[in-house]
Amino acid sequence: MAYTITDKRLSFEFFPAKTEQGLTKLKGVWAELSALKPEFFSITYGAGGSTRETTFGIVSEFVRGAADVAPHLSFGGDNEEAMLAFLQQYADLGVRRIVALRGDTPSGLGTSSQLVHADKLVSFIRRHFGNQFEIEVAAYPEVHPESKSYHDDVHYLKGKIDAGANAAITQLFYNPDAYFYYVEECQRQGMNAPIYPGIMPITNFKNISRFAAKSGFDVPRWMHQRFEPIQDDTEATTRLGIETVSRLCEQLLQGGAPGIHFYTMNNSEPTTEICRNLGWTTH
Ligand code: FAD
């Protein structure tokens, strides 16, 4: 290994479980992944604030367990007064980190509701809470689908950093060159904040391909060639996925990525195995 794992940040993302059964499973996954000593766990927020209560409930539950927990947050349907009260509830719980987003309009609402860009949320948090929270924002090495150009995308990431974000986490990707090029471009534009690769293990290749088409990231041709013939075999896909994603992460860490944020999809495997391959151990 040409990197020191103790210098790298590890974080795990969950989505709020909808059922009692899902919550019980999540607690088990949480315990298993805690053994890898991540810097924090993050909990997503449904489009338009649709998981306001469940996200808050899970954050409250896990914060009591002394883990560092970062709720994802967007204005959704909230006005400034409601957002202020919500942030205060998080501050009172002892939350120290927020993933600040614009989010998307919930499906079915079309474009009728107004989305508040993430830079406004970052400024809002800094204005009302000073440096009480570490703030993470989203970054798109292969360009957000609504961005008019590569230049615009980098420019708006800079806007979020200049507004007070401490770090960025990327959209998932499988092309390391896209990440390295993006980081260089951001540095050329004067951004020094760390940009953490957001990485999703592969257990269902069809889902990854569908999500890629919608979200505007590339799945390299060689991966289509390797995964498509086995895509109905979950075990074989997961095995090849572990090998592929471990290699990707190794390239990223060796190339200077400051850590990895895993989109765990609420499963401890295969994330745990990939982490072990990279040198993060449970003891
Ligand atoms: P913004 O930074 O506001 O950018 C959105 C678009 O507008 C971009 O095209 C950008 O170039 C442009 N833009 C940015 N600022 C301005 C401005 N000031 N003026 C004009 N244009 C601007 N979604 C959820 O619903 N819940 C989640 O929990 C969630 N977690 C995520 C976590 C990560 C790490 C990532 C990468 C994405 C996550 N998403 C989540 C998806 C995200 O909400 C969508 O990608 C959304 O479309 C954009 O959110 P953003 O915060 O990047 O928005």
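Note that the coordinates shown come from a computational prediction; the quantities given were computed from them, not determined experimentally. (Residues numbered from 1 in each chain as written. Predicted model: local features only at pLDDT ≥ 70, side-chain atom pairs only at ≥ 80, totals over all residues. Heavy atoms only, no water.)

Caption draft 1: Up close: the site of the ligand. In the vicinity of the ligand there are 23 residues, among which Tyr 45, Asp 104, Tyr 140, His 144 and Lys 160 approach most closely. In the model, an oxygen atom of the ligand is placed 2.9 Å from a nitrogen or oxygen of the His 72 side chain. In the environment of the ligand, an oxygen atom lies 2.6 Å from a nitrogen or oxygen atom belonging to the side chain of Lys 160. Surface burial for the ligand is 86%, taken as the share of its 970 Å² of free accessible area covered by protein chains. Contributions of two or more residues to the shell around the ligand are made by α4 (118-129), α5 (150-162) and β6 (167-172). Partitioned by chemical class, the residues of the shell around the ligand number 9 nonpolar, 8 polar and 6 charged. (Near = heavy atom within 4 Å. Polar contact = N/O pair within 3.5 Å; in protein donor to acceptor, adjacent residues only side chain to side chain. Areas by Shrake-Rupley, 256 points an atom, 1.4 Å probe, with all protein chains shown as cover. Helix = DSSP H or I, 4+ residues; strand = E, 2+ residues; numbered from the N terminus. Nonpolar A, V, L, I, M, F, W, Y, C, P; charged D, E, K, R; others polar.)

Caption draft 2: Just the side chain of Gln 171, in detail. Mapped onto the elements, Gln 171 comes out in strand β6. With near-sequence residues (within four places) excluded, Gln 171 lies in contact with Ala 139, Tyr 140, Pro 141, Gly 198, Phe 211, Ser 215, Phe 217 and Tyr 263. (Contact = heavy atoms within 4.5 Å.)

Caption draft 3: Just the packing of helix α9 (residues 234-254) against helix α10 (residues 271-278), in detail. At a minimum axis distance of 9 Å, the contact between α9 and α10 shows a crossing angle of 45°. Between α9 and α10, the crossing angle belongs to the class labelled oblique. When you trace α9 past α10, the crossing you get is right-handed. Contacts between α9 and α10 involve Ile 242, Val 245, Ser 246, Cys 249, Glu 250 and Leu 253 from the first element and Glu 273, Ile 274, Asn 277 and Leu 278 from the second. Along the lines of polarity and charge, the residues of the contact of α9 with α10 split into 6 nonpolar, 2 polar and 2 charged. (Axes fitted to C-alpha atoms, helices over the stretch in contact; angles between N-to-C directions. Parallel < 35°, antiparallel > 145°, perpendicular 65-115°, else oblique. Left-handed = near helix turned anticlockwise from the far one by under 90°.)

Caption draft 4: Here's a closer look at the packing of helix α3 (residues 80-93) against α4. Where α3 contacts α4, the axes come no closer than 11 Å and their chain directions differ by 65°. Our pair here, α3 against α4, has a crossing hand that is right-handed. Residue-level inspection shows Glu 80, Met 83, Leu 84, Leu 87, Gln 88 and Ala 91 of α3 in contact with α4, the latter providing Leu 121, Phe 124, Ile 125, Arg 127, His 128 and Phe 129. Among the residues forming the contact of α3 with α4, the class breakdown is 8 nonpolar, 2 polar and 2 charged.

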